[in-house]
Amino acid sequence: MNNPPASPKRPGILFILSAPSGAGKTTLRTMLQRTPDFVYSISCTTRQPRPGEEHGKDYFFLQKEDFDRRVQNGDFLEHATVFNNSYGTLRETVLDSLDRGVDVLLDIDIQGAELVRATTHEKIRAAIADVFLMPASMDVLRQRLLKRGTENSEQLAVRLGKAETEMKARDKYRYNIISGTPEDDFQNFRAIMLAERQLSRRLLSD
Ligand code: 5GP
């Protein structure tokens, strides 16, 4: 984990990024992670690591029993099942950063975002700045998934069906970015970060 600067003037902001699969979210997140002024929240998951993925960097890869134990302990700010695997955001890591005035980025699905918005934890709710990255059209999404070539035709149909449902959640997010080039998406997300950091209501009183 990097060591981003803390703001003494405001609590950290909880940036949430969601998108249908194939909309360009991983590319955007990877570009954002090169700017060291926030921490990326590493989720826990029960899915198997993909080639090149590292425990403690991309995810904390857990056995189902470990994951369930953490659910029982109340360790997660939110957790959800996505494509038959469990995913969860560790509450303490997020709270600790926000309290220190460090911004946090969550890459979570629409169910997770909904659960974070519904939190009764006032400090967390006030910190949220949620962003939905959407494909220009379903056709563009289909083309992108086909080009990626990681899904067979059955999986492709599942992902496209899920994407249509996910698109319906876009108006629950404060921001919608219509995906363009990777650089466009990056610049648009950075603009949101800059604006959120200047919100008058975020400034702590002296
Ligand atoms: P992948 O397995 O491709 O890395 O991620 C699949 C989906 O799970 C993505 O939409 C990603 O945003 C979502 N995801 C990753 N971590 C979490 C998490 O901690 N909570 C929730 N709700 N979704 C997550």
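Here goes a summary of the coordinates provided. Per chain, residues are indexed from 1 in the order of the written sequence. With pLDDT at 70 or above as the cut-off, local features in this predicted model cover only qualifying residues; side-chain atom pairs require 80 or more to be listed or tallied, and sums for whole chains, interfaces and linings still use all residues. The side-chain figures draw on all heavy atoms in the structure; neither hydrogens nor water molecules are used.

1. Describing the pattern of salt bridges
Here's step 1: In the sections that follow, a salt bridge refers to a side-chain nitrogen of Lys or Arg positioned within 4 Å of a carboxyl oxygen of Asp or Glu. On inspection of all chains with the given rule, the structure shows 21 salt bridges.
Here's step 2: Where arginine 197 meets aspartate 37, a salt bridge forms, and the shortest distance between an N and an O atom there is 2.9 Å. Taken together, the residues span a long stretch of sequence, with arginine 197 in helix α8 (residues 182-197) and aspartate 37 in the loop between α1 (25-32) and β2 (39-40) at a distance of 160 residues. Assigned by exposure class, arginine 197 and aspartate 37 land together as buried.
Here's step 3: When the shortest N-O distance is used, the salt bridge between lysine 172 and glutamate 114 registers 3.5 Å. With lysine 172 in the loop between α7 (153-167) and β9 (175-178) and glutamate 114 in helix α4 (residues 110-117), this pair connects stretches of sequence that are 58 residues apart.
Here's step 4: Residue classification places lysine 172 among the partly exposed positions, given a relative accessible area of 46%.
Here's step 5: The buried label goes to any residue with under 20% of its type's maximum accessible area, the exposed label to any with over 50%, and the partly exposed label to all in between, with areas taken from a 1.4 Å probe on protein chains only. Taking the relative accessible area as the measure of exposure, glutamate 114 reaches 34% and is therefore partly exposed.
Here's step 6: Taken together, the shared-partner salt bridges connect Arg10, Asp37, Asp103, Arg190 and Arg197 into one network. Helix numbers and strand numbers start at the N terminus; a helix is a DSSP run of H or I with at least 4 residues, a strand a run of E with at least 2.

2. Here's the deal with the packing of aromatic side chains
Here's step 1: Classification of ring pairs rests on two measures: the distance between centres of Phe, Tyr or Trp rings, Trp counted by its six-membered ring, which must be within 6.5 Å, and the angle between planes, read as stacked under 30 degrees, edge-to-face over 60 and tilted in between. Throughout the structure, instances matching the rule amount to 5 aromatic pairs.
Here's step 2: Every member of this aromatic cluster is reached through a ring pair, and the members are Tyr59, Phe61 and Tyr87.
Here's step 3: In this arrangement the basic side chain of lysine 162 is found over the ring face of phenylalanine 83, its NZ or CZ atom lying 4.8 Å from the centre. Only when the NZ atom of a Lys or the CZ atom of an Arg is both within 6 Å of the ring centre and within 35 degrees of the ring normal do we say a charge sits over the ring.

3. Observations regarding the sheet that holds β2
Here's step 1: Here we have 5 strands laid out as an open sheet, ordered β2-β7-β1-β8-β9, and parallel in their pairing. Every other strand in the sheet has two partners, leaving β2 and β9 as the edge strands with one partner each.
Here's step 2: Should any heavy atoms of two residues lie within 4.5 Å, those residues are counted as being in contact. Angular values range over 0 to 180 degrees, each being the angle between N-to-C directions of two axes fitted as lines to C-alpha atoms, with helices fitted over their stretch in contact. The sheet contacts of α8 involve β1 (14-18), β7 (104-107), β8 (128-134) and β9, and relative to β9 the element is tilted by about 160°. At least two DSSP bridges between two strands are required for those strands to pair.

4. Some points on the site of the ligand
Here's step 1: Any residue with a heavy atom positioned within 4 Å of a molecule or strand is treated as near that molecule or strand. Contacts to the ligand come from 15 residues, most closely from Lys25, Arg47, Tyr59, Tyr87 and Asp107.
Here's step 2: The contact in question runs from an oxygen atom of the ligand to an N or O atom on the side chain of arginine 47, over 2.6 Å.
Here's step 3: Within 3.5 Å is the distance limit for a polar contact, defined as a pair of N or O atoms, with the added protein rule that one can donate a hydrogen and the other accept it, and that residues adjacent in sequence qualify only through two side-chain atoms. One nitrogen or oxygen atom from the side chain of glutamate 78 is found 2.7 Å from a nitrogen atom belonging to the ligand.
Here's step 4: Only the protein chains shown count as covering a residue, and every accessible area follows the Shrake-Rupley method with a 1.4 Å probe. For the ligand, whose accessible area on its own is 510 Å², the fraction buried by protein is 89%.
Here's step 5: Considering only residue class, the shell around the ligand consists of 5 nonpolar, 4 polar and 6 charged. Just so you know the grouping, Ala, Val, Leu, Ile, Met, Phe, Trp, Tyr, Cys and Pro go in nonpolar, Asp, Glu, Lys and Arg go in charged, and all remaining residues, Gly too, go in polar.

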